[in-house]
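# Examination of the molecular architecture
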Amino acid sequence: MGNRCAIIGVGQTHYTTKRRDVSMAGLVREAALRALEDAGLTWKDIDAVVIGKAPDLFEGVMMPESYLADALGASGKPMMRVHTAGSVGGSTALVGASLIQGGVHDRVLVVAFEKQSESNATWALSTHLPFSASLVVGAGGYFAPHIREYIRRSGAPEHIGHLVAVKDRQNALKNPYAHLKIQGINQKMVESTPMLWEPIRYLDTCPSSDGACAMVLSAEDKITDSTPAWVLGTAMRSEPISRADRDTVSPQAGKDCAADVYRQAGITDPRREIDVAEVYVPFSWYEPMWLENLGFAAEGEGWKLTESGATALDGDIPWNASGGVLSSNPIGASGLIRFAEAALQVRGMAGEHQVDGARRALGHAYGGGAQFFAMWMVGSDKP
Amino acid sequence: MTVEARNLEARYVLEFPGGYTRTTGPVIGRFLTELRDGRIVGVRTAEGRTLVPPLEYDPATGDAVTEEFVEVGPAGTVESWSWVHAPRKAHPLDRPFAWALIRLDGADTALVHAVDAGDVKSMRPGLRVRPRWRAERTGHITDIESFVPDVTKIVSVVRSEYVVKPGLALARFLEGVAEGVFIGGRCGSCHKVYVPYRTTCPECGVAITEEVVLPDTGTITTFAINNLPDPRAPEVPFVSAYILLDGSDLPMIALVGEIAAHEVRQGMRVRAVWVPEEERTTSMSNIKWFAPTGEPDAEL
């Protein structure tokens, strides 16, 4: 795993449908400056900047890394862009961490963003090429069949997805940065929203958000007075989207990625040994699906864990205490937010949605057709 | 002869020739003089508030105002507004606009003026606006033609044009589709059959050389019922399904038709419905959709 890496600063913007008041540069600076402030540092203390965002067609800005270099204080410093679709935020943190762990840099600023309001993600994801048939279905239409297959295999009752949709939005009410704040959210409300891509209803999906998230990562001997979170393990995996025998419900790459990150962090029983998890759940049903994929429950049993309330803020293994992707989704940043929220939890700085005594947290992101995975384990104690 | 005068009418204009004069007094006069110079001023009250437009007295106390004039704006914030859908002749603009209460920066009171916002949807309390001045000014409130919203966004047209070639593998597959058959490829190493035809195995990484002609029947492994309309997509609700063609190892995504969306099942047996031969091209649009065969469902 190399040298120790600490998270010493976290910064987020408030997530919302349209940030009409800031440019893209202003948006990423807002998150970056808050992360620097948290770390007690300034631009000049940063050695390198790593930026991540979803595909360029989302905003129509080609090579945002070059456009944003000076906005992020990267003049005369290394700057690079990471690109792994929806998992990019997680991958961005991991590339930053690897620069510390490899001894290349002492302090790295990682930033991820999306300004979804500048365009339309469904359009950007559905630019069908000639010769193919036009089946514009967006991300929801893509993932709905895999959810349906999960329900068939596991025999999960219909309301499980709605439980997650409610639970994550209740958590969001405690997170000042969360986008969706639905007072009095309940199962009936979710059930009364339109069916978009059966079995996914409107409130089973994530919003479209503008926002940015940033972290300052540091080598052990360069940490500041801020409370550090320590990186206990990092892993990325990918797999071909079209492969015979590919399990689209519980992809092998996800299982392998989890096994790798747990091995590094010395985790053998994630349900018992992890205190809180921030997992990429853009459609409510992905909570039970990922509970199984990440080894928190046996195959076919994830929905029972959700149903039992174990993943609620007051459960024994809270998932998405921040409200998760279901409550805030600036796509390119969504993975980094998971990683940042995991760090905030073990730093004891998650405010109202703090899980008491959280010492070990998982940050998770997935992307593409569930073919890219990025995860990290962070802890309050130095490894 | 009988005179009927009950319905008589005549046009009558009451207008003082040349128009009345209005002596401005020192306060309004200063305001209008500054307007003519392209500036907006307010007057300070004894209590230190800035009235815009200025008055000779403080309307709150009745006291005379001070002699201190302060330049305000030119930008300001809309406090409240009313949209005029159909402007009349006397209105300052010949297109729909808003009458708005605008508090100019540095002022303590709001000024009524027109906002040329283009669309009612652009109007909101808090909207930042600036004056659009007339080139020829005379010292009148209409020296400001209207207020206009600040520039908050621009439109950036991004357009790339490509010539797309299908490549060897897809071209071969499309040749089959043009003839009404599905061509797949069998990996020599893992023996899996991929459709559409491809030249490498994603699992083994080896070249695929063996072509397989597959039947146009298969099984729906799973599917989505799409209810979200999109101009480029079929009419909703439509079913996009993963269909495992008989003899293949990887499902294809295709439309399902000739059955109500809610009657589609996982395991349902389906067959491709081709467009008539004379309409076929080298494109996937040759396949209208897949329709149920009526056979018993397959085991998944």
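Residues numbered from 1 in each chain as written. Chains lettered and ligands numbered in written order. Predicted model: local features only at pLDDT ≥ 70, side-chain atom pairs only at ≥ 80, totals over all residues.

The name that an unreviewed UniProt entry assigns to chain B is DNA-binding protein, with the source organism given as Streptosporangium subroseum.

By the naming in an unreviewed UniProt entry, chain A is Acetyl-CoA C-acetyltransferase, taken from Streptosporangium subroseum.

For the rest of this paragraph, the subject is the overall build of chain B. Helix and strand counts for chain B stand at 2 helices and 16 strands. At 38 Å, chain B has a C-alpha radius of gyration far larger than the 19 Å of a compact globule built from 300 residues. Considered along the principal axes of its C-alpha atoms, chain B spans approximately 100 × 75 × 35 Å. For chain B, the proportion of its 300 residues judged to be buried stands at 29%. Looking at chain B alone, contacts between residues at least 24 apart form 50% of all its contacts between residues at least 6 apart. (Helix = DSSP H or I, 4+ residues; strand = E, 2+ residues; numbered from the N terminus. Rg over C-alpha atoms; globule rule 2.2 N^0.38 Å. Buried ≥ 20, exposed ≤ 12 C-beta atoms within 10 Å, placed from the backbone. Contact = placed C-beta atoms within 7 Å.)

Per the UniProt annotation, the sites labelled "domain: ChsH2 C-terminal OB-fold" (unreviewed entry) are residues 70–134 and 211–275 of chain B. Overall, residues 70–134 of chain B shows 0% helix and 46% strand. The separation of its end C-alpha atoms is 22 Å. (UniProt positions renumbered as here; feature names shortened; annotations may be inferred.)

Counting residues at the interface gives 28 residues for chain A, matched by 32 residues for chain B. Among the secondary structure elements, those contributing two or more residues to the side of chain A that touches chain B are helix H5 (138–154) and strand E5 (195–198) of chain A. Looking at the side of chain A that touches chain B element by element, the count peaks at 7 residues for H5 of chain A. Residue classes in the side of chain A that touches chain B are distributed as 15 nonpolar, 6 polar and 7 charged. Where E5 of chain A meets strand E12 (residues 217–226) of chain B, 2 bridges bridge the pair, whose relative direction is antiparallel. Following the sheet pairing, Glu198 of chain A is matched in E12 of chain B by Ile225 of chain B. (Nonpolar A, V, L, I, M, F, W, Y, C, P; charged D, E, K, R; others polar. Pairing = 2+ DSSP bridges.)

Residue and element names in this part refer to chain A. With 16 residues, helix H1 (residues 24–39) extends 23 Å between its outermost C-alpha atoms, agreeing within 8% with the 22 Å of an ideal straight helix rising 1.5 Å per residue. Every buried residue of H1 is accounted for by Met24, Leu27, Val28, Arg29, Glu30, Ala31, Ala32, Ala35, Leu36, Asp38 and Ala39. On its buried face, H1 sits against strand E1 (5–12), strand E4 (107–115) and strand E7 (210–219). Just downstream of H1 lies Gly40, where phi reads positive at about 70°. (Expected span 1.5 Å × (residues − 1).)

Residues and elements named next belong to chain A. Tracing the sequence through the fold places Thr17 in the loop between E1 and H1. Note on Thr17: 13 C-beta atoms within 10 Å, which makes it partly exposed. Each C-alpha atom, one on Thr17 and one on Ala370, is 25 Å from the other, the two residues being 353 residues apart in sequence. Beyond its immediate stretch of four places on either side in the chain, Thr17 contacts Ser117, Ser208, Ser209 and Asp210.

Right, let's get into the sheet that holds strand E8 (residues 229–238) of chain A. The strands making up a sheet are joined through hydrogen bonds of the backbone, oriented either antiparallel or parallel. All names here are of chain A. Taking strand neighbours across the sheet as the criterion, the 9 strands line up as E3-E2-E4-E7-E1-E8-E11-E10-E9 in an open arrangement whose pairing is mixed. Two strands in the sheet have a free side with no partner beyond their single neighbour: strand E3 (79–82) and strand E9 (276–278). Shown here is a sheet whose adjacent strand axes are inclined to one another by a mean of 25°, direction ignored. Along the sheet, helix H8 (residues 252–265) contacts E8, strand E10 (360–367) and strand E11 (372–379); its crossing angle with E8, the most-contacted strand, is approximately 155°. The sheet strands contacting helix H13 (residues 331–347) are E1, strand E2 (48–52), E4, E7, E8, E9, E10 and E11, and the helix crosses E10 at an angle near 175°. (Axes fitted to C-alpha atoms, helices over the stretch in contact; angles between N-to-C directions.)

As annotated in UniProt, the feature "domain: Thiolase C-terminal" (unreviewed entry) corresponds to residues 246–370 of chain A in the numbering used here. Taken end to end, residues 246–370 of chain A is 43% helix and 9% strand, and its first and last C-alpha atoms sit 11 Å apart.

On domain assignment, one finds that chain B holds domain 1 (25–149) and domain 2 (167–292). For domain 1 of chain B and domain 2 of chain B, the distance between their C-alpha centres works out to 66 Å. (Domains from an automatic or database assignment.)

Before going further, it helps to spend a moment on helix H6 (residues 160–172) of chain A. Residues and elements named next belong to chain A. Between its first and last C-alpha, H6 extends 19 Å over 13 residues, near the 18 Å set by a 1.5 Å rise per residue. Of all 13 residues that make up H6, 12 are buried, and the element is covered over most of its length. Among all positions in H6, only Ile160, Gly161, His162, Leu163, Val164, Ala165, Val166, Lys167, Asp168, Arg169, Asn171 and Ala172 are buried. Residues of H6 that are buried sit in contact with helix H7 (187–191), helix H10 (286–293), helix H11 (302–308) and helix H12 (324–327).

To continue, consider the sheet that holds strand E11 (residues 210–214) of chain B. All names here are of chain B. Taken together, 3 strands build an open sheet; the order of strands is E10-E9-E11 and the sheet is antiparallel. Of all the strands in the sheet, just strand E10 (193–194) and E11 have a single pairing partner and so form its edges. The pairing of strand E9 (residues 182–186) with E10 spans 2 bridges and is classified as antiparallel. Paired with Arg186 across the strands is Val193, a residue of E10.

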